[in-house]
Amino acid sequence: MSSTASLRRDGGAAWAALAAAVAVLVLAGLEIAALRHAGGVFDYPLDDVYIHLAMAESILEGGYGINPGEPASAASSILYPLLLLPLFGAKLQFWMPLVWNVLGVAASGALWGAGVARAAIGPGATALFAVLGPVTLNLAGIGFTGMENSLHVAAALATTFGLWIFLSERRIGALLLLGTFFAPLIRLEGLALSGLACAVIVLRGRPGAGIALGLATLAPVAGFMAFLHGLGLAMLPGSVLAKAGLLGPGLSGIDQVIFRIAINLTEPAGMLLAAATVLCLALPAFVPGLRDRRGALLVVAGLAGLAHLIGGQIGWMHRYEIYVLASQALALVIALAGTGPGARAALVAALLICGAVYWPKMLVHYLWNPRAVHLQQAQMARFAKDYWKGPVAVNDLGWVAWQNPNYVLDLYGLASPEVLALRADPATPAGWAAPLVARHGIGLAMLYDKWLKSAVGPDWVLLGQLVNGDDRAAIGDEVVSFYATDPARVAQLRAELADFAPTLPAGVVWQAAP
(Lines give C-alpha, C1' and ligand atoms only; values in the text may rest on other atoms or scores of the structure.)
Protein backbone atom coordinates (compact mmCIF):
# COMPACT_ATOMS: atom_id res chain seq x y z
CA MET A 1 0.00 0.00 0.00
CA SER A 2 1.41 3.41 -0.95
CA SER A 3 1.83 6.26 1.52
CA THR A 4 -1.01 8.13 -0.21
CA ALA A 5 -3.35 5.16 0.05
CA SER A 6 -2.40 4.72 3.68
CA LEU A 7 -3.33 8.36 4.36
CA ARG A 8 -6.72 7.88 2.74
CA ARG A 9 -7.35 4.70 4.72
CA ASP A 10 -6.92 6.27 8.16
CA GLY A 11 -8.24 9.72 7.26
CA GLY A 12 -4.74 11.10 7.60
CA ALA A 13 -5.03 13.44 4.63
CA ALA A 14 -7.60 15.62 6.38
CA TRP A 15 -5.62 15.74 9.61
CA ALA A 16 -2.44 16.44 7.65
CA ALA A 17 -4.15 19.36 5.93
CA LEU A 18 -5.43 20.69 9.27
CA ALA A 19 -2.03 20.53 10.96
CA ALA A 20 -0.29 22.05 7.93
CA ALA A 21 -2.81 24.89 7.83
CA VAL A 22 -2.33 25.59 11.54
CA ALA A 23 1.45 25.65 11.17
CA VAL A 24 1.39 27.97 8.15
CA LEU A 25 -1.18 30.30 9.74
CA VAL A 26 0.97 30.63 12.86
CA LEU A 27 4.00 31.38 10.66
CA ALA A 28 1.98 34.02 8.82
CA GLY A 29 1.02 35.56 12.15
CA LEU A 30 4.66 35.72 13.21
CA GLU A 31 5.70 37.36 9.94
CA ILE A 32 2.91 39.94 10.16
CA ALA A 33 3.79 40.78 13.77
CA ALA A 34 7.49 41.13 12.88
CA LEU A 35 6.59 43.28 9.88
CA ARG A 36 4.62 45.62 12.13
CA HIS A 37 7.50 45.83 14.62
CA ALA A 38 9.86 46.72 11.76
CA GLY A 39 7.64 49.48 10.44
CA GLY A 40 6.59 47.57 7.35
CA VAL A 41 10.11 46.48 6.31
CA PHE A 42 10.65 42.76 5.73
CA ASP A 43 13.90 41.22 6.86
CA TYR A 44 15.01 37.87 8.22
CA PRO A 45 15.66 37.55 11.95
CA LEU A 46 19.16 36.11 11.52
CA ASP A 47 22.13 37.38 9.55
CA ASP A 48 22.95 33.71 8.89
CA VAL A 49 20.29 33.62 6.18
CA TYR A 50 22.40 35.98 4.11
CA ILE A 51 25.47 33.79 4.56
CA HIS A 52 23.59 31.06 2.71
CA LEU A 53 22.46 33.53 0.07
CA ALA A 54 26.07 34.65 -0.42
CA MET A 55 27.25 31.03 -0.62
CA ALA A 56 24.56 30.31 -3.22
CA GLU A 57 25.72 33.34 -5.21
CA SER A 58 29.29 32.00 -5.14
CA ILE A 59 28.21 28.51 -6.21
CA LEU A 60 26.36 29.87 -9.23
CA GLU A 61 29.54 31.73 -10.22
CA GLY A 62 31.57 28.50 -10.04
CA GLY A 63 33.10 28.94 -6.59
CA TYR A 64 32.39 27.72 -3.10
CA GLY A 65 32.82 30.35 -0.44
CA ILE A 66 32.31 34.03 0.24
CA ASN A 67 35.18 35.66 -1.67
CA PRO A 68 36.11 34.71 -5.26
CA GLY A 69 39.09 32.36 -5.41
CA GLU A 70 39.02 31.67 -1.66
CA PRO A 71 37.21 28.43 -0.78
CA ALA A 72 35.17 28.49 2.43
CA SER A 73 32.39 26.37 3.89
CA ALA A 74 30.48 29.06 5.75
CA ALA A 75 27.06 27.43 5.26
CA SER A 76 25.69 25.10 7.93
CA SER A 77 23.91 22.93 5.37
CA ILE A 78 25.05 20.91 2.37
CA LEU A 79 21.80 21.31 0.48
CA TYR A 80 20.35 24.66 1.53
CA PRO A 81 22.69 26.93 -0.49
CA LEU A 82 21.83 24.91 -3.58
CA LEU A 83 18.14 25.58 -2.95
CA LEU A 84 18.90 29.32 -2.84
CA LEU A 85 20.79 29.65 -6.13
CA PRO A 86 19.97 33.06 -7.65
CA LEU A 87 18.78 31.58 -10.92
CA PHE A 88 16.33 34.42 -11.47
CA GLY A 89 18.29 37.34 -10.03
CA ALA A 90 19.04 38.77 -6.62
CA LYS A 91 15.59 40.27 -6.04
CA LEU A 92 13.87 36.93 -6.32
CA GLN A 93 16.70 35.18 -4.46
CA PHE A 94 15.98 37.42 -1.45
CA TRP A 95 12.56 35.77 -1.06
CA MET A 96 13.67 32.18 -1.58
CA PRO A 97 14.42 31.46 2.12
CA LEU A 98 10.88 32.54 2.95
CA VAL A 99 9.41 30.35 0.21
CA TRP A 100 11.37 27.28 1.29
CA ASN A 101 10.42 27.83 4.90
CA VAL A 102 6.72 28.13 4.12
CA LEU A 103 7.03 24.80 2.32
CA GLY A 104 9.07 23.32 5.17
CA VAL A 105 6.60 24.44 7.81
CA ALA A 106 3.65 23.15 5.77
CA ALA A 107 5.36 19.79 5.20
CA SER A 108 6.28 19.50 8.89
CA GLY A 109 2.71 20.23 9.93
CA ALA A 110 1.30 17.79 7.38
CA LEU A 111 3.61 14.98 8.48
CA TRP A 112 2.81 15.64 12.13
CA GLY A 113 -0.93 15.55 11.43
CA ALA A 114 -0.67 12.40 9.32
CA GLY A 115 1.43 10.69 11.97
CA VAL A 116 -1.03 11.56 14.72
CA ALA A 117 -3.88 10.24 12.59
CA ARG A 118 -1.97 7.00 12.14
CA ALA A 119 -1.93 6.57 15.93
CA ALA A 120 -5.72 5.96 15.80
CA ILE A 121 -6.53 7.75 19.05
CA GLY A 122 -10.03 8.86 18.06
CA PRO A 123 -11.22 11.99 16.26
CA GLY A 124 -11.32 14.26 19.31
CA ALA A 125 -7.81 13.44 20.50
CA THR A 126 -6.49 13.46 16.93
CA ALA A 127 -7.87 16.96 16.37
CA LEU A 128 -6.36 18.15 19.64
CA PHE A 129 -2.89 16.81 18.90
CA ALA A 130 -3.03 17.84 15.23
CA VAL A 131 -3.59 21.46 16.29
CA LEU A 132 -1.53 21.52 19.48
CA GLY A 133 1.67 19.98 18.08
CA PRO A 134 2.43 22.56 15.35
CA VAL A 135 1.81 25.39 17.81
CA THR A 136 3.74 24.14 20.85
CA LEU A 137 6.61 22.40 19.06
CA ASN A 138 7.81 25.65 17.49
CA LEU A 139 7.28 24.46 13.91
CA ALA A 140 6.35 27.96 12.79
CA GLY A 141 9.11 29.51 14.89
CA ILE A 142 11.86 27.69 13.07
CA GLY A 143 10.30 28.60 9.73
CA PHE A 144 10.37 32.22 10.89
CA THR A 145 14.18 32.06 11.12
CA GLY A 146 14.56 31.69 7.35
CA MET A 147 17.11 28.92 7.81
CA GLU A 148 17.15 25.28 6.71
CA ASN A 149 15.81 23.93 9.99
CA SER A 150 12.14 23.70 8.99
CA LEU A 151 13.15 21.45 6.09
CA HIS A 152 15.17 19.37 8.55
CA VAL A 153 12.12 18.96 10.80
CA ALA A 154 10.08 17.80 7.80
CA ALA A 155 12.76 15.25 6.88
CA ALA A 156 12.98 13.99 10.47
CA LEU A 157 9.21 13.61 10.78
CA ALA A 158 9.13 11.82 7.42
CA THR A 159 11.79 9.42 8.72
CA THR A 160 9.93 8.81 11.99
CA PHE A 161 6.53 8.37 10.36
CA GLY A 162 8.01 6.26 7.57
CA LEU A 163 9.81 4.08 10.11
CA TRP A 164 6.54 3.46 11.93
CA ILE A 165 4.91 2.38 8.65
CA PHE A 166 7.82 -0.02 8.13
CA LEU A 167 7.54 -1.41 11.65
CA SER A 168 3.78 -1.86 11.23
CA GLU A 169 3.65 -3.17 7.66
CA ARG A 170 7.24 -4.17 6.83
CA ARG A 171 7.02 -1.76 3.92
CA ILE A 172 9.76 0.71 3.05
CA GLY A 173 7.80 3.60 1.65
CA ALA A 174 8.67 6.91 0.06
CA LEU A 175 8.53 8.82 3.35
CA LEU A 176 11.18 6.63 4.95
CA LEU A 177 13.41 6.71 1.88
CA LEU A 178 13.18 10.46 1.32
CA GLY A 179 13.39 11.47 4.97
CA THR A 180 16.36 9.23 5.68
CA PHE A 181 18.24 10.34 2.57
CA PHE A 182 17.65 14.08 2.76
CA ALA A 183 17.89 14.75 6.49
CA PRO A 184 21.73 14.70 6.66
CA LEU A 185 21.97 16.78 3.49
CA ILE A 186 19.88 19.46 5.15
CA ARG A 187 21.64 19.26 8.53
CA LEU A 188 24.48 16.90 9.44
CA GLU A 189 22.79 16.16 12.77
CA GLY A 190 20.31 14.18 10.69
CA LEU A 191 22.87 11.40 10.35
CA ALA A 192 21.94 10.01 13.77
CA LEU A 193 18.23 9.54 13.10
CA SER A 194 18.84 8.36 9.53
CA GLY A 195 21.49 5.88 10.68
CA LEU A 196 19.24 4.53 13.40
CA ALA A 197 16.38 4.10 10.93
CA CYS A 198 18.67 2.10 8.62
CA ALA A 199 19.79 -0.04 11.57
CA VAL A 200 16.18 -0.87 12.43
CA ILE A 201 15.52 -1.93 8.85
CA VAL A 202 18.54 -4.25 9.03
CA LEU A 203 17.59 -5.69 12.42
CA ARG A 204 13.97 -6.19 11.41
CA GLY A 205 14.80 -8.62 8.65
CA ARG A 206 15.60 -6.40 5.67
CA PRO A 207 19.41 -6.24 5.85
CA GLY A 208 19.93 -5.62 2.14
CA ALA A 209 17.50 -2.75 2.03
CA GLY A 210 18.80 -1.23 5.26
CA ILE A 211 22.42 -1.38 4.18
CA ALA A 212 21.60 -0.04 0.71
CA LEU A 213 19.67 2.89 2.18
CA GLY A 214 22.47 3.56 4.65
CA LEU A 215 25.09 3.61 1.93
CA ALA A 216 22.92 5.80 -0.29
CA THR A 217 22.48 8.22 2.62
CA LEU A 218 26.17 8.31 3.49
CA ALA A 219 27.45 8.61 -0.09
CA PRO A 220 26.55 12.27 -0.76
CA VAL A 221 27.69 13.29 2.73
CA ALA A 222 31.02 11.54 2.20
CA GLY A 223 31.24 13.07 -1.25
CA PHE A 224 30.72 16.54 0.20
CA MET A 225 33.43 15.97 2.79
CA ALA A 226 35.79 14.80 0.05
CA PHE A 227 34.89 17.91 -1.94
CA LEU A 228 35.80 20.14 1.02
CA HIS A 229 39.04 18.23 1.52
CA GLY A 230 39.86 18.71 -2.15
CA LEU A 231 39.44 22.46 -1.68
CA GLY A 232 41.97 22.38 1.14
CA LEU A 233 39.29 22.81 3.83
CA ALA A 234 38.36 20.78 6.88
CA MET A 235 35.90 17.99 6.16
CA LEU A 236 33.15 19.61 8.25
CA PRO A 237 31.53 22.96 7.41
CA GLY A 238 33.22 26.00 8.89
CA SER A 239 30.07 27.04 10.70
CA VAL A 240 29.95 23.67 12.48
CA LEU A 241 33.61 23.89 13.45
CA ALA A 242 33.26 27.50 14.58
CA LYS A 243 30.38 26.87 16.92
CA ALA A 244 31.93 23.66 18.22
CA GLY A 245 35.48 24.93 18.55
CA LEU A 246 34.50 28.14 20.33
CA LEU A 247 32.36 26.19 22.80
CA GLY A 248 34.83 25.25 25.49
CA PRO A 249 38.06 26.19 23.67
CA GLY A 250 41.02 24.13 24.74
CA LEU A 251 38.89 21.07 25.49
CA SER A 252 38.97 17.89 23.45
CA GLY A 253 37.72 14.33 23.49
CA ILE A 254 35.52 13.28 26.39
CA ASP A 255 36.02 16.64 28.12
CA GLN A 256 34.50 18.43 25.13
CA VAL A 257 31.57 15.97 25.09
CA ILE A 258 30.88 16.43 28.80
CA PHE A 259 31.15 20.19 28.48
CA ARG A 260 28.77 20.23 25.51
CA ILE A 261 26.16 18.11 27.33
CA ALA A 262 26.45 20.34 30.39
CA ILE A 263 26.00 23.48 28.30
CA ASN A 264 22.99 21.98 26.53
CA LEU A 265 21.39 21.05 29.84
CA THR A 266 21.64 24.61 31.12
CA GLU A 267 19.02 25.61 28.55
CA PRO A 268 15.32 24.97 29.30
CA ALA A 269 14.95 23.46 25.82
CA GLY A 270 17.92 21.20 26.56
CA MET A 271 16.28 19.97 29.75
CA LEU A 272 13.10 19.41 27.78
CA LEU A 273 14.96 17.33 25.21
CA ALA A 274 16.75 15.39 27.95
CA ALA A 275 13.45 14.57 29.65
CA ALA A 276 11.89 13.41 26.38
CA THR A 277 15.00 11.36 25.62
CA VAL A 278 14.92 9.62 28.99
CA LEU A 279 11.19 8.93 28.59
CA CYS A 280 11.63 7.41 25.13
CA LEU A 281 14.42 5.13 26.36
CA ALA A 282 12.84 4.25 29.71
CA LEU A 283 9.34 3.29 28.56
CA PRO A 284 10.39 0.20 26.55
CA ALA A 285 12.71 -0.83 29.39
CA PHE A 286 10.13 -0.61 32.17
CA VAL A 287 6.79 -1.16 30.43
CA PRO A 288 6.64 -4.74 29.10
CA GLY A 289 3.70 -3.90 26.83
CA LEU A 290 5.91 -1.50 24.87
CA ARG A 291 8.62 -4.02 24.04
CA ASP A 292 7.39 -4.41 20.50
CA ARG A 293 7.48 -2.27 17.39
CA ARG A 294 6.34 0.70 19.46
CA GLY A 295 9.34 0.23 21.71
CA ALA A 296 11.63 0.10 18.69
CA LEU A 297 10.27 3.45 17.50
CA LEU A 298 10.77 4.97 20.95
CA VAL A 299 14.33 3.69 21.24
CA VAL A 300 15.23 5.20 17.86
CA ALA A 301 13.77 8.56 18.91
CA GLY A 302 15.50 8.36 22.29
CA LEU A 303 18.91 7.52 20.87
CA ALA A 304 18.58 10.32 18.32
CA GLY A 305 17.87 12.69 21.20
CA LEU A 306 20.89 11.43 23.10
CA ALA A 307 23.07 11.91 20.02
CA HIS A 308 21.89 15.50 19.72
CA LEU A 309 22.59 16.24 23.38
CA ILE A 310 26.12 14.92 22.89
CA GLY A 311 26.97 16.35 19.48
CA GLY A 312 24.40 19.03 18.74
CA GLN A 313 23.42 22.42 20.06
CA ILE A 314 20.42 23.92 21.79
CA GLY A 315 18.99 27.35 21.19
CA TRP A 316 20.01 30.04 18.65
CA MET A 317 16.34 30.98 18.20
CA HIS A 318 15.45 27.42 19.27
CA ARG A 319 16.07 26.08 15.80
CA TYR A 320 18.56 23.26 16.34
CA GLU A 321 16.76 20.72 18.53
CA ILE A 322 13.20 20.84 17.18
CA TYR A 323 13.75 18.12 14.57
CA VAL A 324 14.48 15.50 17.22
CA LEU A 325 12.01 16.81 19.80
CA ALA A 326 9.19 16.73 17.24
CA SER A 327 10.22 13.20 16.24
CA GLN A 328 10.18 12.12 19.87
CA ALA A 329 6.77 13.71 20.39
CA LEU A 330 5.35 11.88 17.38
CA ALA A 331 6.89 8.59 18.53
CA LEU A 332 5.34 9.04 21.98
CA VAL A 333 1.89 9.83 20.57
CA ILE A 334 2.04 6.69 18.41
CA ALA A 335 3.52 4.43 21.10
CA LEU A 336 1.11 5.50 23.85
CA ALA A 337 -1.99 5.50 21.65
CA GLY A 338 -3.51 2.46 23.29
CA THR A 339 -2.59 3.16 26.89
CA GLY A 340 -5.65 5.18 27.90
CA PRO A 341 -6.66 8.78 28.56
CA GLY A 342 -4.10 9.29 31.34
CA ALA A 343 -1.19 8.93 28.96
CA ARG A 344 -2.83 11.26 26.47
CA ALA A 345 -3.39 13.87 29.16
CA ALA A 346 0.28 13.59 30.11
CA LEU A 347 1.29 14.11 26.48
CA VAL A 348 -0.95 17.16 26.20
CA ALA A 349 0.68 18.55 29.34
CA ALA A 350 4.12 17.82 27.88
CA LEU A 351 3.25 19.68 24.68
CA LEU A 352 1.99 22.63 26.70
CA ILE A 353 5.29 22.68 28.57
CA CYS A 354 7.07 22.80 25.19
CA GLY A 355 4.97 25.81 24.28
CA ALA A 356 5.80 27.44 27.62
CA VAL A 357 9.51 27.00 26.83
CA TYR A 358 9.42 28.27 23.25
CA TRP A 359 6.74 30.96 23.01
CA PRO A 360 7.83 33.55 25.61
CA LYS A 361 11.16 34.28 23.90
CA MET A 362 9.45 34.35 20.52
CA LEU A 363 6.91 36.94 21.64
CA VAL A 364 9.23 39.02 23.79
CA HIS A 365 12.46 38.93 21.77
CA TYR A 366 12.55 37.05 18.47
CA LEU A 367 9.71 38.95 16.81
CA TRP A 368 11.91 42.05 17.11
CA ASN A 369 14.87 40.41 15.41
CA PRO A 370 13.96 41.30 11.81
CA ARG A 371 13.76 44.96 12.85
CA ALA A 372 17.14 44.70 14.57
CA VAL A 373 18.77 43.01 11.56
CA HIS A 374 17.38 45.71 9.28
CA LEU A 375 18.68 48.46 11.57
CA GLN A 376 22.08 46.89 12.11
CA GLN A 377 23.43 44.37 9.60
CA ALA A 378 21.47 45.78 6.66
CA GLN A 379 22.81 49.27 7.38
CA MET A 380 26.36 47.96 7.76
CA ALA A 381 25.92 46.30 4.37
CA ARG A 382 24.57 49.49 2.85
CA PHE A 383 27.56 51.48 4.05
CA ALA A 384 30.03 48.83 2.90
CA LYS A 385 28.53 48.50 -0.58
CA ASP A 386 27.28 52.01 -1.36
CA TYR A 387 29.77 54.28 0.45
CA TRP A 388 33.00 52.47 1.32
CA LYS A 389 33.04 50.18 -1.74
CA GLY A 390 36.21 48.39 -0.65
CA PRO A 391 37.45 45.40 1.36
CA VAL A 392 35.96 45.16 4.84
CA ALA A 393 36.27 43.04 8.00
CA VAL A 394 33.14 42.10 10.01
CA ASN A 395 31.95 39.68 12.67
CA ASP A 396 28.48 39.34 11.12
CA LEU A 397 29.17 38.10 7.64
CA GLY A 398 25.90 37.61 5.80
CA TRP A 399 24.27 40.91 4.84
CA VAL A 400 27.65 42.56 4.18
CA ALA A 401 28.91 39.71 1.97
CA TRP A 402 25.74 39.12 -0.06
CA GLN A 403 25.77 41.03 -3.37
CA ASN A 404 29.13 42.59 -2.45
CA PRO A 405 31.87 42.40 -5.12
CA ASN A 406 34.57 43.42 -2.63
CA TYR A 407 36.56 41.25 -0.24
CA VAL A 408 34.88 40.49 3.12
CA LEU A 409 37.00 39.10 5.98
CA ASP A 410 35.01 37.09 8.51
CA LEU A 411 36.33 37.93 11.98
CA TYR A 412 34.07 35.33 13.62
CA GLY A 413 35.58 32.42 11.70
CA LEU A 414 32.68 30.84 9.81
CA ALA A 415 34.31 31.58 6.45
CA SER A 416 37.94 31.76 7.56
CA PRO A 417 39.75 28.71 9.01
CA GLU A 418 42.69 30.97 9.87
CA VAL A 419 40.50 33.28 11.94
CA LEU A 420 38.79 30.34 13.61
CA ALA A 421 42.15 28.87 14.65
CA LEU A 422 43.23 32.20 16.10
CA ARG A 423 40.02 32.68 18.05
CA ALA A 424 40.07 29.14 19.44
CA ASP A 425 43.70 29.42 20.63
CA PRO A 426 43.92 30.84 24.17
CA ALA A 427 47.49 31.97 23.42
CA THR A 428 46.48 34.23 20.54
CA PRO A 429 47.81 37.74 21.31
CA ALA A 430 45.72 40.89 21.38
CA GLY A 431 45.45 42.68 18.06
CA TRP A 432 45.48 39.40 16.15
CA ALA A 433 43.29 40.74 13.31
CA ALA A 434 45.76 43.47 12.30
CA PRO A 435 48.04 41.27 10.14
CA LEU A 436 45.02 39.71 8.43
CA VAL A 437 43.42 43.00 7.43
CA ALA A 438 46.79 44.34 6.27
CA ARG A 439 47.34 41.27 4.09
CA HIS A 440 43.96 41.76 2.38
CA GLY A 441 44.22 45.53 2.04
CA ILE A 442 41.26 46.13 4.32
CA GLY A 443 40.71 49.68 5.52
CA LEU A 444 37.46 49.27 7.47
CA ALA A 445 36.38 46.92 10.26
CA MET A 446 32.85 46.77 11.70
CA LEU A 447 32.52 44.61 14.79
CA TYR A 448 31.06 44.02 18.22
CA ASP A 449 33.62 45.15 20.78
CA LYS A 450 31.88 42.85 23.24
CA TRP A 451 32.88 39.88 21.07
CA LEU A 452 36.10 40.93 19.39
CA LYS A 453 37.83 43.72 21.31
CA SER A 454 40.95 41.53 21.44
CA ALA A 455 41.04 41.50 17.62
CA VAL A 456 41.47 45.27 17.32
CA GLY A 457 44.88 46.28 16.01
CA PRO A 458 47.04 48.72 18.00
CA ASP A 459 46.94 51.38 15.28
CA TRP A 460 43.25 51.06 14.43
CA VAL A 461 41.26 54.26 14.86
CA LEU A 462 37.73 54.17 16.30
CA LEU A 463 35.50 56.17 13.95
CA GLY A 464 32.30 55.80 15.93
CA GLN A 465 29.49 53.40 16.67
CA LEU A 466 26.24 52.36 15.03
CA VAL A 467 23.78 52.19 17.93
CA ASN A 468 20.41 50.47 18.02
CA GLY A 469 18.77 51.81 21.16
CA ASP A 470 16.19 49.02 21.39
CA ASP A 471 17.36 45.96 23.31
CA ARG A 472 14.26 43.81 22.79
CA ALA A 473 15.76 41.71 19.99
CA ALA A 474 18.05 38.73 20.61
CA ILE A 475 21.16 39.84 18.75
CA GLY A 476 24.87 39.79 19.58
CA ASP A 477 25.01 43.45 20.63
CA GLU A 478 23.13 46.69 20.06
CA VAL A 479 26.38 48.54 19.31
CA VAL A 480 28.68 48.05 16.29
CA SER A 481 32.05 49.79 16.37
CA PHE A 482 33.55 51.07 13.12
CA TYR A 483 37.36 51.18 12.90
CA ALA A 484 39.72 52.55 10.30
CA THR A 485 42.37 49.83 10.19
CA ASP A 486 44.75 52.16 8.35
CA PRO A 487 45.23 55.67 9.80
CA ALA A 488 45.61 56.98 6.25
CA ARG A 489 41.96 56.10 5.59
CA VAL A 490 40.51 57.99 8.57
CA ALA A 491 39.65 61.23 6.75
CA GLN A 492 38.01 59.39 3.85
CA LEU A 493 35.94 57.16 6.12
CA ARG A 494 34.84 60.03 8.33
CA ALA A 495 33.62 61.93 5.29
CA GLU A 496 31.74 58.90 3.97
CA LEU A 497 30.19 58.23 7.38
CA ALA A 498 29.10 61.87 7.62
CA ASP A 499 27.25 61.40 4.32
CA PHE A 500 25.85 58.05 5.43
CA ALA A 501 24.54 59.06 8.89
CA PRO A 502 21.61 61.22 7.72
CA THR A 503 20.29 58.35 5.57
CA LEU A 504 19.87 55.95 8.50
CA PRO A 505 16.32 54.80 9.22
CA ALA A 506 14.58 55.75 12.45
CA GLY A 507 15.63 53.55 15.36
CA VAL A 508 19.38 53.52 14.74
CA VAL A 509 21.89 56.35 15.11
CA TRP A 510 25.49 57.00 14.22
CA GLN A 511 27.60 58.27 17.12
CA ALA A 512 30.87 59.63 15.78
CA ALA A 513 33.95 59.21 17.96
CA PRO A 514 35.56 62.45 19.20
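Further up the page is the structure itself.
Read on for an overview of the structure. (Residues numbered from 1 in each chain as written. Predicted model: local features only at pLDDT ≥ 70, side-chain atom pairs only at ≥ 80, totals over all residues. Heavy atoms only, no water.)

Details of the packing of aromatic side chains
- Using the criterion set out here, one finds 23 aromatic pairs in the structure.
- The interplanar angle of 90° and the centroid separation of 5.0 Å between the aromatic rings of F181 and F182 together place this pair among those described as edge-to-face.
- Overall, F182 belongs to the partly exposed group, its relative accessible area being 32%.
- A centroid spacing of 6.5 Å and a plane angle of 35° characterise the contact between F224 and F227, whose relative ring orientation is tilted. Of this pair, F224 and F227 both sit in helix 11 (residues 207–230), three residues apart, roughly one helical turn.
- For F227, a relative accessible area of 36% translates into the label partly exposed.
- By the ring-pair criterion, three or more aromatic residues cluster together here, those being F42, Y44, Y50, F94, W95, W399 and W402. (Phe/Tyr/Trp six-rings, centres within 6.5 Å; stacked < 30°, edge-to-face > 60°. Buried < 20%, exposed > 50% of the residue type's maximum accessible area, 1.4 Å probe, protein only. Helix = DSSP H or I, 4+ residues; strand = E, 2+ residues; numbered from the N terminus.)

Some points on helix 11
- An ideal rise of 1.5 Å per residue puts 34 Å on 24 residues; helix 11 measures up with 33 Å between its terminal C-alpha atoms.
- When helix 11 is considered as a whole, its buried residues turn out to be G210, L213, G214, T217, V221, F224 and L228.
- On its buried face, helix 11 sits against helix 9 (174–186) and helix 10 (190–203).
- Just past helix 11, the residue G232 takes up positive phi, approximately 85°. (Expected span 1.5 Å × (residues − 1). Contact = heavy atoms within 4.5 Å.)

Re the environment of A329
- Summarising the element assignment, A329 is placed in helix 16 (residues 322–335).
- In sequence terms A329 and L157 are 172 residues apart; their C-alpha atoms lie 9.9 Å from each other.

Section: the pairing of strand 6 (residues 461–468)
- As defined by bridge partners, strand 6 adjoins strand 7 (residues 479–484) across six bridges and the pair is classed as antiparallel. Counterpart to V467 in the pairing with strand 7 is V479.
- Pairing of strand 6 with strand 8 (residues 508–512), which is carried by five bridges, proceeds in the antiparallel orientation. Note on strand 8: the bridge partner recorded for L466 is W510. (Pairing = 2+ DSSP bridges.)

Some thoughts on the pairing of strand 5 (residues 444–447)
- Burial along strand 5 is two-sided: the residues L444 and M446 and A445 and L447 are all buried.
- Sheet topology places strand 3 (residues 392–394) next to strand 5; three bridges connect them, and they run parallel. In the sheet register, A393 faces strand 5, and the bridge partner there is A445.
- When strand 5 meets strand 7, the two strands line up antiparallel, connected through four bridges. When the sheet's bridge partners are listed, M446 is paired in strand 7 with F482.

Considering the pattern of salt bridges
- Applying the stated criterion across every chain yields a total of nine salt bridges.
- Between D470 and R472 there is a salt bridge, with the nearest N and O atoms lying 2.4 Å from each other.
- Connected through shared salt-bridge partners, R118, E169 and R171 make up one network. (Salt bridge = Lys/Arg side-chain N within 4 Å of Asp/Glu carboxyl O.)

Considerations on the packing of helix 5 (residues 90–118) against helix 8 (residues 149–169)
- Close contact between helix 5 and helix 8 brings their axes to 8 Å; oriented N to C, the two are set at 25°. Regarding the angle of helix 5 to helix 8, the classification is roughly parallel. The way helix 5 lies across helix 8 gives a crossing that is left-handed. Residues W100, N101, G104, V105, A107, S108, L111, W112, A114, G115 and R118 of helix 5 touch helix 8, and the partners they reach there are S150, L151, V153, A154, L157, A158, F161, W164, I165, S168 and E169. (Axes fitted to C-alpha atoms, helices over the stretch in contact; angles between N-to-C directions. Parallel < 35°, antiparallel > 145°, perpendicular 65-115°, else oblique. Left-handed = near helix turned anticlockwise from the far one by under 90°.)

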